[in-house]
Amino acid sequence: MNLMDAASGWVMDTLGCHGDHTRIAVQAAVVVIPTYLLYKLVAPGRKASVYAAHPMSPHIRDHLNAVEAKNKYIFHHVLEEYFSDRGLALEIPKNAVVVDVGGHVGTFSTHCFIRSGQTAKIFTFEPIPQIREKCIKNLSGFDPTGNQIKVLPYGLSDKTGRVEFTYCPMAELLSGYKNNDDERAILMHPDHIVRNYYDPECAESWKLMPFPSIFLYLPRFIGEPLLHALLTVWIANGPQPFLVDCELRRLSDALETEAVGPRIDVLKIDVEGAELDVLRGITKADWAKVQLVAVEVHENAGHLAPVRAILLENGLTDYSEVQDTGTTNVNLWQVVAKRPQ
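Remember, predicted model here, so these are calculated numbers, not experimental data.

Here's the deal with the overall build of the protein
Regarding its fold elements, the protein presents 15 helices and 11 strands. Within the protein, the proportion of its 341 residues that are buried is 50%. Relative to all contacts within the protein whose residues are 6 or more apart in sequence, the contacts with residues 24 or more apart total 69%. Counting every atom, the protein has about 16,400 Å² of accessible surface; 58% of that belongs to carbon and sulfur.

As for helix H8 (residues 190-197)
H8 sits mainly inside the fold: 6 of its 8 residues count as buried. Along H8, the positions that sit buried rather than exposed are Pro-190, His-192, Ile-193, Val-194, Asn-196 and Tyr-197.

What to know about the sheet that holds strand S6 (residues 176-177)
Read across the sheet, 4 strands follow the order S4-S7-S5-S6 without closing on themselves; strand pairing throughout is mixed. One side of each edge strand has no neighbouring strand; the edge strands of this open sheet are strand S4 (155-157) and S6. With 2 bridges connecting them, strand S5 (residues 161-167) and S6 associate as antiparallel partners. Along S6, the bridge assignment pairs Thr-166 with Gly-176.

A closer look at the pairing of strand S8 (residues 266-269)
Of the two faces of S8, the one holding Val-266 and Lys-268 and the one holding Leu-267 and Ile-269 are both buried throughout. Strand direction decides the pairing type here: S8 and strand S9 (residues 292-298), joined by 3 bridges, are parallel. Each residue of the ladder has a partner; that of Leu-267, found in S9, is Val-293.

A closer look at the packing of aromatic side chains
Applying the stated criterion across every chain yields a total of 7 aromatic pairs. Summarising the aromatic geometry, the rings of Phe-113 and Phe-142 are spaced 5.6 Å apart at their centres and angled 45° between planes, so their arrangement reads as tilted. On the criterion of sequence distance, the pair formed by Phe-113 in helix H5 (residues 107-115) and Phe-142 in the loop between helix H6 (129-140) and strand S3 (149-152) is long-range, its members being 29 residues apart. Accessibility expressed as a relative area gives 2% for Phe-113, which makes it buried. Ring geometry for Phe-125 against Tyr-154: centres 5.6 Å apart, planes inclined by 65°, an arrangement best described as edge-to-face. With a gap of 29 residues between them, Phe-125 in strand S2 (residues 121-125) and Tyr-154 in the loop between S3 and S4 connect regions that are remote in the sequence. Both residues of the pair, Phe-125 and Tyr-154, belong to the buried class. Taken together through their ring pairs, the aromatic side chains of Tyr-82, Phe-83 and Phe-108 make up a single cluster.

Points about the pattern of salt bridges
Scanning the entire structure with this criterion turns up 12 salt bridges. A salt bridge links Asp-253 to Arg-250, with the shortest nitrogen-to-oxygen separation between them at 3.0 Å. For Arg-308, the salt bridge identified is with Glu-321, shortest N-O distance 3.1 Å. Taken together, the positions of Arg-308 in helix H15 (residues 304-313) and Glu-321 in strand S10 (residues 318-323) put the pair 13 residues apart, joining distant regions of the chain. Accessibility expressed as a relative area gives 26% for Glu-321, which makes it partly exposed.

Remarks on the sheet that holds S8
Spatial strand order, S3-S2-S1-S8-S9-S11-S10: 7 strands in an open sheet with mixed pairing. In this open sheet, the two edge strands, each paired with only one partner strand, are S3 and S10. Averaged over all pairs of adjacent strands, the angle between their axes in this sheet comes to 10°, without regard to strand direction. The sheet contact formed by S2 and S3 spans 4 bridges and is parallel. Its bridge partner being in S3, Phe-123 is matched across the sheet by Lys-150. Running over the sheet, H6 touches S2 and S3 and is turned about 175° from S3. Against the sheet, H15 touches S9, S10 and strand S11 (332-338), its axis set at about 160° to S10.

Here's the deal with the packing of helix H3 (residues 58-70) against H5
In the contact formed by H3 and H5, the axes pass within 12 Å of each other and the chain directions differ by 150°. Taken together, the axes of H3 and H5 lie roughly antiparallel to each other. Taken as a pair, H3 and H5 cross one another with a handedness that is left-handed. Facing Ile-60, Leu-64 and Val-67 of H3, the residues of H5 in contact are Thr-110, Phe-113 and Ile-114. Each residue belonging to the contact of H3 with H5 can be placed in one class, and the counts come to 5 nonpolar, 1 polar and no charged.

Here's the deal with the side chain of Ser-109
Tracing the backbone shows Ser-109 in helix H5. Overall, Ser-109 belongs to the buried group, its relative accessible area being 0%. Setting aside residues up to four positions removed in sequence, Ser-109 forms contacts with Asp-100, Ile-122, Thr-124 and Leu-139.

Description of the environment of Glu-296
Relative to the helices and strands, Glu-296 resides in strand S9. In sequence terms Glu-296 and Val-271 are 25 residues apart; their C-alpha atoms lie 7.7 Å from each other. With sequence-adjacent residues up to four places away left out, Glu-296 is seen in contact with Glu-81, Ile-269, Asp-270, Glu-272, Glu-275, Leu-332, Trp-333 and Gln-334. A distance of 3.2 Å separates polar atoms of two side chains, one belonging to Glu-296 and the other to His-298.

The rules behind these values
Each chain carries its own residue numbering, running from 1 in the direction its sequence is written. With pLDDT at 70 or above as the cut-off, local features in this predicted model cover only qualifying residues; side-chain atom pairs require 80 or more to be listed or tallied, and sums for whole chains, interfaces and linings still use all residues. Values reported for side chains reflect all heavy atoms of the structure, with hydrogen atoms and water molecules removed beforehand. Only DSSP runs of H or I covering at least 4 residues are called helices, and only runs of E covering at least 2 are called strands; the numbering of each starts at the N terminus. Buried means the residue's accessible area, taken with a 1.4 Å probe over protein chains only, is under 20% of the maximum for its type, while exposed means over 50%, and partly exposed covers the values in between. Contact definition: two residues touch when any of their heavy atoms are within 4.5 Å. With residues, only the protein chains shown are counted as cover, and all accessible areas are computed by Shrake-Rupley using a 1.4 Å probe. At least two bridges found by DSSP between two strands is the condition for calling them paired. Stacked, tilted and edge-to-face are the three classes applied to pairs of Phe, Tyr and Trp rings, where Trp contributes its six-membered ring and a pair requires centres within 6.5 Å; stacked means planes under 30 degrees apart, edge-to-face means over 60, and tilted covers the rest. Here, a salt bridge means any Lys or Arg side-chain nitrogen found within 4 Å of an Asp or Glu carboxyl oxygen. Axes here refer to lines fitted to C-alpha atoms; in helices the fit is confined to the stretch in contact. Angles between the N-to-C directions go from 0 to 180 degrees. Should an angle fall under 35 degrees it is called roughly parallel, over 145 degrees roughly antiparallel, and 65 to 115 degrees roughly perpendicular, with every other angle called oblique. For any pair of crossing helices, the crossing counts as left-handed if the nearer helix is rotated counterclockwise from the farther one by less than a right angle, and right-handed if it is rotated clockwise. Following the grouping adopted for this structure description, the nonpolar residues are Ala, Val, Leu, Ile, Met, Phe, Trp, Tyr, Cys and Pro, the charged ones are Asp, Glu, Lys and Arg, and the polar ones are all others, Gly among them. Polar contacts, as used here, are pairs of N or O atoms within 3.5 Å; protein pairs need one atom able to donate a hydrogen and one able to accept it. Residues neighboring in sequence count only if both atoms are side-chain atoms.

Dropping the structure here:
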């Protein structure tokens, strides 16, 4: 018996846990802890904020730095997906009206607020209470009075009512409609996560997360099986997804209730497979207000063609669609459609 087997056996006996995956996970810790210390020595230090050159008050800058540090992965993922030249390259004009459907923890709304010179009026929809609490905390620091940024406590669909959402404590980005559970199971499977982890297009994002980025500093033949074993144990034994009862309204009803006004500069929709329902909840009169739509489309459910048809029929004819190659097994597309000026 070697030293690693002896050490892992002692830890497992002490904790009263058993099983091959658990043994591998314990053995991984023996490798990961010194690797993490090495990572802290060789990894690049904290980079300056992407908005370091943007003028803002000390209070706003301090809060922005806190939001970025606390939500580093999703903060930069949203930046790349929506605002970089490699993504949709969205521009947020001064005094823009932004409707953020699927607000999550508020990172898209944060980017819009800062990129508009802190002049945008933003309506953020997040129906899941556990996520909405974080969203409110992140956004209220930019606008304590709620005059510019408003977080709405319901989801959007083509009808009003209540529906069960699945909340995923270990992967909140995947939370959403219960009827998307099959796709969610694929995305949460260790095989899928490990495959994406070693995809060159995803590596830069993983490096923003100290724990998983450790494995990028190990030879792949060592890191891959250790990461897979740890994920298997973590997913099986961590907090499991559960159902949450949430309210739904039509977007057009919400626009009237919230007095959004005659123009929507940006309508962003990222709702884990419910994008068609959201679009179908907009009346013809309200479509005339929308200048730009950015929507994540789940083609596994056959949504791309009907989404395209709805946008083109409603005058958003400056249209483009790009497949998201960074997510295997799930056929995602990023669509942006503008009203010609």
